[in-house]
Amino acid sequence: MIKKYMYGSPVNTGAVIENIELSEDPMQYLNEIIDKDGNYLFTYLMNDDDIVYGLGEANRGLNKRGYIYENNCTDVPDQTEDKRSFYGAHNFIVLSGMISVGIFVDCGAKVTFDIGYTAYNMLKIIPSSPDFTVYIIEGRSAYDIVKQFRGLIGRSYIAPRWAFGYQQSRWSYENEDEVRQVVKNHRENNIPLDAVYLDIDYMEGYKDFTVSEERFPDFPQFVQEMRDEGIRLIPIIDAGVKIENGYELYEEGRQYQFFCKKTDGTDFVASVWPGRTHFPDFLNSNARMWFGSKYKKLTDAGIEGFWNDMNEPAMFNTPEGINEAVETQKSFDFSTNDSGKFFELGGMVTGLANREKDYQSFFHNMDGKIVRHDQVHNLYGYNMTRAASEAFDHISPDKRMLLFSRASYIGMHRYGGIWTGDNQSWWSHLLLNIKMMPSLNMCGFLYSGADLGGFGCNCTRDLLLRWLAFGIFTPLMRNHSAKGTRRQECYNLGETEEFKNILSIRYSLIPYLYSEYMKACLNDDMFFKPLSFEYPADDFARNIEDQLMVGESIMIAPVYEQNARGRYVYLPEDMLLVIFKSSSQRRFQQLKKGLHYIPAALDEVPLFIRKNKMLPLCRTSECTDKMDTSMFEIIAYTSENIEFEMYEDDGVSKNYDDPKNMVHFAIRELDGQLGAVSDKTIVKLSLF
Ligand code: MIG
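## Comments concerning the overall build of the protein
The helix and strand tally for the protein stands at 15 helices and 40 strands. Relative to the 2.2 N^0.38 estimate, which gives 26 Å for 688 residues, the radius of gyration of the protein is 25 Å and therefore close to what a compact globule would have. Across its three principal directions, the C-alpha atoms of the protein cover 90 × 65 × 55 Å. Of all 688 residues assigned to the protein, the portion counted as buried reaches 63%. Per element, the accessible surface of the protein, about 25,400 Å² overall, is 47% carbon and sulfur. Computed over 72 positive and 98 negative side-chain charges, the inter-centroid distance for the protein is 2 Å.

## Description of the side chain of Asn 71
Within the fold, Asn 71 resides in strand β5 (residues 67-71). Side-chain polar atoms of Asn 71 contact the backbone oxygen of His 90, separated by 3.4 Å.

## Topic: the environment of Leu 430
Looking at the secondary structure, you find Leu 430 in helix α12 (residues 427-442). Look past the residues within four positions of Leu 430 in its chain and what remains in contact with it is Leu 463, Arg 466, Trp 467, Phe 470, Val 559 and Tyr 560.

## As for the nonpolar core
Soluble globular proteins: nonpolar side chains tend toward being buried together. Formed by 188 residues in total, the largest nonpolar core has its most connected members in Phe 92, Phe 219, Leu 233, Phe 291, Tyr 447, Phe 473 and Tyr 517. In terms of residue count, the dominant contributor to this core is helix α14 (residues 497-522) (15 residues). Each of two domains, domain 1 (2-153) and domain 2 (191-315 + 375-419), supplies a minimum of three residues to this core. When neighbours within four sequence positions are excluded, Phe 219 is seen to be in contact with Leu 198, Val 211, Leu 233, Leu 298, Ala 301 and Ile 303. Judged by nonpolar contacts, the second largest core, of 28 residues, contains Met 27, Ile 93, Ile 103 and Ile 125.

## What to know about the domain arrangement of the protein
Examined at the domain level, the protein breaks down into domain 1 (2-153) and domain 2 (191-315 + 375-419). Taking the mean C-alpha position of each, domain 1 and domain 2 sit 31 Å from one another. The interface of domain 1 with domain 2 comprises 27 residues on the first partner and 18 residues on the second. When domain 1 packs against domain 2, the two sides together hide about 1,700 Å² of surface, and 54% of this comes from carbon and sulfur. When the area that domain 1 buries against domain 2 is broken down by residue, the three leading residues are Cys 73, Tyr 87 and Gly 108, summing to 28%. Linking domain 1 with domain 2 are one salt bridge, by the criterion used here. Salt-bridge contacts for Arg 406 lead to Asp 75; the nearest nitrogen and oxygen are separated by 3.6 Å. Of all elements in the fold, only β6 (88-89), β8 (100-106) and α1 (142-153) reach the threshold of two or more residues within the side of domain 1 that touches domain 2.

## So, the sheet that holds strand β11 (residues 132-138)
Sheet architecture is open: five strands sit in the order β1-β11-β8-β7-β4, paired in antiparallel fashion. Single-partner strands in this sheet number two, and they are β1 (2-7) and β4 (51-54). Across the sheet, the mean angle separating the axes of adjacent strands is 20° when strand polarity is ignored. Summarising the sheet, β4 and strand β7 (residues 92-96) pair through four bridges and their orientation is antiparallel. Across the sheet, Val 52 pairs through a bridge with Leu 95, a residue of β7. Sheet contacts for α1: β1, β4, β7, β8 and β11; angle to β7, the most-contacted strand, approximately 155°.

## Structural notes on the site of the ligand
Looking at the ligand, there are 13 residues lining it, with Asp 199, Asp 309, Arg 406, Asp 422 and His 480 nearest. With respect to the ligand, the side chain of Trp 273 contributes an N or O atom lying 3.0 Å from an oxygen atom. Within the contact set of the ligand, a nitrogen atom lies 2.8 Å away from a side-chain nitrogen or oxygen of Asp 309. Burial of the ligand by the protein amounts to 95% of the accessible area it has alone, namely 350 Å². Along the lines of polarity and charge, the residues of the shell around the ligand split into eight nonpolar, one polar and four charged.

## Details of the sheet that holds strand β16 (residues 270-272)
With antiparallel pairing, the three strands of this open sheet are ordered in space as β15-β17-β16. Only two strands of the sheet have a single neighbouring strand rather than two, namely β15 (241-242) and β16.

## Comments concerning unusual backbone geometry
Residue Ser 172 is reached from Trp 171 by a cis peptide bond, and omega for that bond is -5°. The topology assignment puts Ser 172 in the loop between β12 (166-168) and α2 (176-188). The omega angle of the peptide bond from Glu 312 to Pro 313 is -5°, so this bond is cis rather than trans. If you check the backbone angles, Asn 190 has positive phi at about 55° while not being a glycine. Locating Asn 190 in the fold gives a position in the loop between α2 and β13 (195-198). Backbone geometry places Gln 257, a non-glycine residue, at a positive phi of 60°. Mapped onto the fold, Gln 257 is located in the loop between α4 (248-255) and β16.

## Overview of the packing of helix α5 (residues 285-293) against helix α11 (residues 380-395)
Any two packed helices are characterised by the angle at which their axes cross and by the distance between the axes. Between α5 and α11, the shortest axis-to-axis distance is 8 Å and the interhelical angle comes to 65°. As α5 runs across α11, the sense of the crossing is right-handed. Contact with α5, carried on its side by Arg 288, Phe 291, Gly 292 and Ser 293, involves Asn 383, Met 384, Arg 386, Ala 387, Glu 390, Ala 391 and Ile 395 of α11 and no other residues of that element.

## Some words on the side chain of Arg 170
Positionally, Arg 170 belongs in the loop between β12 and α2. Excluding anything up to four places from it in sequence, Arg 170 contacts Asp 199, His 480, Ser 481, Ala 482, Lys 483, Gly 484, Thr 485, Arg 486, Arg 487, Gln 488 and Glu 489.

## Regarding α5
Of the residues making up α5, those classed as buried are Ala 287, Arg 288, Trp 290, Phe 291 and Gly 292. Where α5 is buried, its residues touch β14 (232-238), β15, α4, α6 (296-299) and α11. Taking the backbone nitrogen of Asn 286 as reference, a side-chain oxygen 2.9 Å away marks Asn 284 as the first, capping residue of α5.

## Some remarks on the packing of aromatic side chains
A complete count under the given rule lists 56 aromatic pairs for this structure. Consider the rings of Phe 42 and Phe 132, whose centres lie 5.9 Å apart with planes at 90°: the pair is edge-to-face. Note that Phe 42 is positioned in strand β3 (residues 40-45) and Phe 132 in strand β11, a separation of 90 residues in sequence. Both residues of the pair, Phe 42 and Phe 132, count as buried. The ring of Tyr 67 is capped by Arg 60, whose NZ or CZ atom sits 3.6 Å from the centre of that ring. The aromatic ring of Tyr 143 is capped on one face by Lys 147, whose charged end is 4.2 Å from the ring centroid.

## Observations concerning the packing of α2 against helix α3 (residues 219-228)
Contact pair α2 / α3: the axes reach a minimum separation of 12 Å and the direction vectors enclose 5°. Classed by the angle they form, the pair α2 and α3 counts as roughly parallel. Contacts between α2 and α3 involve Glu 176, Val 179, Arg 180 and Val 183 on the former and, on the latter, Phe 222, Glu 225 and Met 226.

## Some remarks on the pattern of salt bridges
Summed over the entire model, instances satisfying the criterion amount to 63 salt bridges. The salt bridge partner of Asp 201 is Lys 483, with a shortest N-O separation of 2.9 Å. With a gap of 282 residues between them, Asp 201 in the loop between β13 and α3 and Lys 483 in the loop between β26 (477-479) and α14 connect regions that are remote in the sequence. Residue Asp 201 is classed as buried on the basis of its relative accessible area, which comes to 7%. Three or more residues joined by partner-sharing salt bridges are found here, namely Asp 75, Asp 309, Glu 312, Arg 406 and Asp 422.

Rules used throughout
Residues numbered from 1 in each chain as written. Predicted model: local features only at pLDDT ≥ 70, side-chain atom pairs only at ≥ 80, totals over all residues. Heavy atoms only, no water. Helix = DSSP H or I, 4+ residues; strand = E, 2+ residues; numbered from the N terminus. Rg over C-alpha atoms; globule rule 2.2 N^0.38 Å. Buried < 20%, exposed > 50% of the residue type's maximum accessible area, 1.4 Å probe, protein only. Areas by Shrake-Rupley, 256 points an atom, 1.4 Å probe, with all protein chains shown as cover. Lys, Arg positive; Asp, Glu negative; His and termini not counted. Charge placed at Lys NZ, Arg CZ, Asp CG, Glu CD. Polar contact = N/O pair within 3.5 Å; in protein donor to acceptor, adjacent residues only side chain to side chain. Contact = heavy atoms within 4.5 Å. Core = buried A, V, L, I, M, F, W, Y, C linked by side-chain atoms within 4.5 Å. Domains from an automatic or database assignment. Buried area = accessible area lost by both parts, 1.4 Å probe. Salt bridge = Lys/Arg side-chain N within 4 Å of Asp/Glu carboxyl O. Pairing = 2+ DSSP bridges. Axes fitted to C-alpha atoms, helices over the stretch in contact; angles between N-to-C directions. Near = heavy atom within 4 Å. Nonpolar A, V, L, I, M, F, W, Y, C, P; charged D, E, K, R; others polar. Left-handed = near helix turned anticlockwise from the far one by under 90°. Phe/Tyr/Trp six-rings, centres within 6.5 Å; stacked < 30°, edge-to-face > 60°. Lys NZ or Arg CZ within 6 Å of the ring centre and 35° of its normal. Parallel < 35°, antiparallel > 145°, perpendicular 65-115°, else oblique.

Below you can see the structure in the form of structure tokens.
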């Protein structure tokens, strides 16, 4: 049951696809308060054991209680525990306790969720704009509410199957030879690999949709050379367009008036990587179409995937900000050395990037309606990604493209995935990654992942091993790191054998992971679920945040602490423990419901098969192009007849609803003995 309430005159964010009538009932659950300035505030008194799920890409735990979140797309290169804003703004929460209710605040401006920060039992929702829509979702359980919400916002973006392969990135692989070397090192060490990323240095002067001729003399030819190796190249696209006479994008954007404007009608200027730039008005449908069409320059060269960056939008500074800082500096008098002024001066310089004041100084033309940026700030990266996605519908109508973004808002989940931005090579960020994945799924972001190994800081071998051991379960599995940090490719952190083994597990799991991902996309379901969604009556499972359900058959419990040789794992039912050392080396143990200490060496990946479930595995391969999915091995934990429907298609076309896409696996009693039955060849059955 979904009820809709409108306040002021909100712009259409496009987050919701279902047409829902405005409710005439008074709003239940939330108290509505209007302060003396006319601002809205909604409150709810939580019970001591209520859990609050949701918020997608946000800081802290799976249970969002105990902190305050300011949903305002922000470039946050330093994701410490105190941060309130991340790159995405996903305003959906589910209160789960005696009462289960979902709340979605559809608003392009900042929305604050104070979830027991000011007072432990008080939930406060504070939209920063008077124009927004609230959806209240009632349901049987938190999980049921999430599914209804997902129906409301529409089918999630579907990535090609090759995007489930392992992907290697670095800021930046600077030229052809460096990319070749990366591929060669993986292949020579038998470390599987499907894609290599091109970060900003592949461009000519950081100009979008250009390729440096010096670094990539024959780009289409090079793209083909890599394709022949089973490798896709994934270039980055930044939001800002370089101001440079003669540069096509700049000239056209000016001519068609497609850049964001200031009050005086001139194009807004900020500096980012290319130097002085203009920002395309992605909230304008013509500008979207125009910018989107430019991706063709790279798809024509054979490119099949992109990542959209800096689209919060991030900015280093603006001329206005610099002027203010300079004036403050001039007024600083050393003879009095006023300390107040001194700190103001410092703050002005460090505060030049991503200033709220700058976000309030430019405007969008939303197809005729002029809107100040801060009122729709959270829709910017979303619409950049939408521009690309809608263009792909024309450029390659029958073939899926890989596309993901840094900034996002609910609604963007239909157009692309996300990566979670600049984390650090910290153990705490591995744990954050684990806790964030189910929250992202609740908000529709299924194709997602973090920079494995951590973006900033220097990664260590053990951290990368453990992070990959979790990453083999995330749809986007990409190792990425920042300029200036220690080289983080598997072959740069000592012996390669263990890395190769861990990645071999990923490749043998791809048919299962892809199936469960596709089923989640097609049924508005989740790929990663908190335990409480599967075992709602289990009070112990309810509070577990470091174990996740992955698809219908398995549970994972990653090790995320340095020097740990294993960890405690709670089993909400009897399960079969499988400890993988590689795709083909594994140990099994049947375990009873309850708490267990599970040893897991640095190069081991434990997973748990649920009672009466099975896991199909194929043979590992060096890239997805070479996967053989005609033969399977089945690990099953059952003493009864069971079935598993595996979704499988060609991985690139869009024929999702073809009944032939369901592959049938069954464990059945034949002649008094359980055996495996399938349309596929079963090479081995491990039955417990
Ligand atoms: O200001 O393109 O989050 O993944 O490597 C940094 C360089 C810009 C931020 C992205 C990161 C990327 C980096 N970018």
